[in-house]
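# Overview (structure and organization)
The lines below spell out each chain.
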Amino acid sequence: METFGSPLPSPGKPLPAVLGWSSATAAAGAVLFGLPGSLLLGVRLFPWEVGTPWIQLVSALPATLPFTAAALGLALLAVWTGTRRHHRAGGQLVLALLLAALLMAQSALVLPRAIPATRAARPVQIAGPGPGPGLRVMTLNVGESGVDAARLLAEARNREVDILALPELAPQGLEALVEAGVADLFPYRSVDVDWVGVGSGLFSKYAMEPRRRVPGTEFHQSRAVASIPGTDAPVKLTAVHVQSPRPGLIWNWRQELRQLGTLPAQGPAGTTVLLGDFNSSADHREFRALLAGGLTDAAHAVGKGLAPTWPVNSEVPPFVAVDHILVSAGVKVTDVESFILPGTDHAGLVADLVLPAP
């Protein structure tokens, strides 16, 4: 009798062999897929400062988790294939164990950002003896070309934002905001916009006193002290825009991040909120040092620390969170959301905060 199609595999023949896989092929694939995660984990754990290109690449560590998981799967496939063929699979087994350890180490560093702080081993700071007033803050790096002012204000209005921070605000962007009626929504402002440097601005529904911008930085970073009804403590605000860690500018980037860590101690005692484009992620040692000084990343606190904010509106999918909202001790974070508007390569963030009670 004539038969058609491929013959069925014999019962004793392993499926990988039928598919053209060999133990060596699977092991080679495992090494290839595991390489990015192993390299970036090494950079992440390296005890000293690193330079280009590692300082830029380490921020992609979370994106390598799926590749490491695939590598482990291939290594296990290599072990199974070798065993079924009655070959020695000691090397493949060692590879699988190493990749399992790599995946566990990566997961230990990355996945806690997706766990709300109330469920974490170390609880987040809790507001005082009773709930204080709520405050909704929003930040967006508007980019050199700028986003549509009317659409930006509509986003802030629909979200009932109390305070808006706009890093990279240009003179024409500020003019467009004024024409679109920013003063109707936010009567108070602190802006540092000129034709000399890259500007920024803070806008508030509540009374706000401008302060001198952060000194000595490449980009203007506006500051202000807001008075929020329902709390006696002033809220010290900074629209953050840190220099990016490009080749030749890494020293500046480090210095600007260190300088941000000194801001909570400056000026009157009160609550600190730093929001904007930090050009750094939790995989940068310098950003973690900033948090270690007593600040909390709002997105991490609610289990959304892995949501990337850059690049958006791009052919490259977003893969890193460089935009943050940091709060000082005593502030409770209840929610964080991101949004995307045309005209910028950064996603915006909105955070709901509960300030300390009087």
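Now for a quick tour of the structure. Keep in mind the model is a prediction, meaning the values are calculated, not measured. (Residues numbered from 1 in each chain as written. Predicted model: local features only at pLDDT ≥ 70, side-chain atom pairs only at ≥ 80, totals over all residues. Heavy atoms only, no water.)

### Details of the side chain of D283
Counted only if it meets this: Strands are runs of DSSP state E lasting at least two residues, helices are runs of H or I lasting at least four, and both sets are numbered from the N terminus onward. Whenever a nitrogen or oxygen atom comes within 3.5 Å of another N or O atom, the pair is scored as a polar contact, on the condition that within protein one atom can donate a hydrogen and the other can accept it, and that pairs from neighbouring residues in sequence are kept only if both atoms are in side chains. In what follows, a contact means two residues having at least one pair of non-hydrogen atoms within 4.5 Å.
Relative to the helices and strands, D283 resides in the loop between β8 (271–277) and α10 (285–292). Here R44 takes part through its side chain, which lies 3.0 Å from a polar atom of the side chain of D283. Excluding anything up to four places from it in sequence, D283 contacts R44, V58, S59, L61, P62, R113 and R288.

### A few points about the pattern of salt bridges
Quick note on the threshold: By convention in these notes, a salt bridge is any Lys or Arg side-chain nitrogen within 4 Å of a carboxyl oxygen on Asp or Glu. To sort residues, take the accessible area from a 1.4 Å probe on protein chains only and compare it with the maximum for the residue type: under 20% means buried, over 50% means exposed, and anything in between is partly exposed.
Summed over all chains, the structure comprises 11 salt bridges. Measuring nitrogen to oxygen at the nearest pair gives 3.0 Å for the salt bridge that ties R258 to E49. Of the two residues, R258 sits in helix α9 (residues 250–260) while E49 sits in the loop between α2 (23–45) and α3 (54–57), which places them 209 residues apart along the sequence. Assessed through its relative accessible area of 47%, E49 is described here as partly exposed. The partner of R113 in a salt bridge is D283, and the shortest N-O contact between them spans 2.6 Å. Here R113 is found in the loop between α5 (90–110) and β1 (131–139), whereas its partner D283 is found in the loop between β8 and α10, with 170 residues between them in sequence. Overall, R113 belongs to the buried group, its relative accessible area being 7%. Several salt bridges converge on common partners, so that one network encompasses E49, R254, R258 and E286.

### Notes on unusual backbone geometry
Here the residue pair T52 and P53 is connected by a cis peptide bond, since its omega of 5° sits within 30 degrees of zero. As for its placement among the helices and strands, P53 is situated in the loop between α2 and α3. Look at the link from W310 to P311: it is a cis peptide, with omega at -10°. Here the phi dihedral of E160 falls at roughly 55°; this positive angle occurs in a residue that is not glycine. Summarising the element assignment, E160 is placed in the loop between α6 (149–158) and β2 (163–169).

### What about helix α4 (residues 65–84)?
Going by this rule: Helices are assigned an expected span. That span is 1.5 Å times one less than the residue count.
In a regular helix each residue adds 1.5 Å, so 20 residues correspond to 28 Å; α4 covers 29 Å between its end C-alpha atoms and thus fits that length. Of all the residues in α4, the buried ones are L65, T68, A71, L72, L74, A75, A78, V79, T81 and G82.

### Some remarks on the environment of I250
Among the structural elements, I250 can be located in helix α9. Note: C-alpha distance between I250 and G51 (199 residues apart in sequence) is 7.3 Å. Look past the residues within four positions of I250 in its chain and what remains in contact with it is G51, T52, I55, Q56 and P245.

### Quick notes on the packing of α9 against α10
What counts is decided by this rule: In this analysis an axis means a line fitted to C-alpha atoms, helices contributing only their contacting stretch, and an angle means the value between N-to-C directions, from 0 to 180 degrees. Orientation categories follow fixed angle ranges, with anything under 35 degrees roughly parallel, anything over 145 roughly antiparallel, 65 to 115 roughly perpendicular, and all other angles oblique. Any residue that is not Ala, Val, Leu, Ile, Met, Phe, Trp, Tyr, Cys, Pro, Asp, Glu, Lys or Arg is counted as polar, Gly included; the first ten are nonpolar and the last four charged.
Interaxial distance between α9 and α10 falls to 9 Å at its minimum, and their mutual angle equals 10°. Taken together, the axes of α9 and α10 are roughly parallel relative to one another. Facing W253, R254, L257 and L260 of α9, the residues of α10 in contact are E286, F287 and L290. Of the residues belonging to the contact of α9 with α10, the class tally is five nonpolar, no polar and two charged.

### With respect to empty space enclosed by the protein
Condition: A cavity here means a set of points on a 1 Å grid, drawn over the protein atoms and nothing else, where a 1.4 Å probe fits but cannot get out; a pocket is an open set with protein on both sides within 12 Å along at least five of seven lines, and a residue lines either one if it has an atom within 4 Å of a point. Grid points are joined across faces, edges and corners, and a volume is the space filled by probe spheres set on the points.
Enumeration according to the criterion identifies one cavity of 30 Å³ or more in this entry. As a volume, the largest cavity reaches approximately 100 Å³. Forming the boundary of the largest cavity are 14 residues, of which V43, W48, V50, I55 and R285 lie nearest the centre. Every element with two or more residues in the lining of the largest cavity is listed here: α2 and α10. Ranked by residues supplied to the lining of the largest cavity, first place goes to α10 with three residues. The class makeup of the residues in the lining of the largest cavity is six nonpolar, one polar and seven charged.

Purely spatial values, then, with no claim about function.
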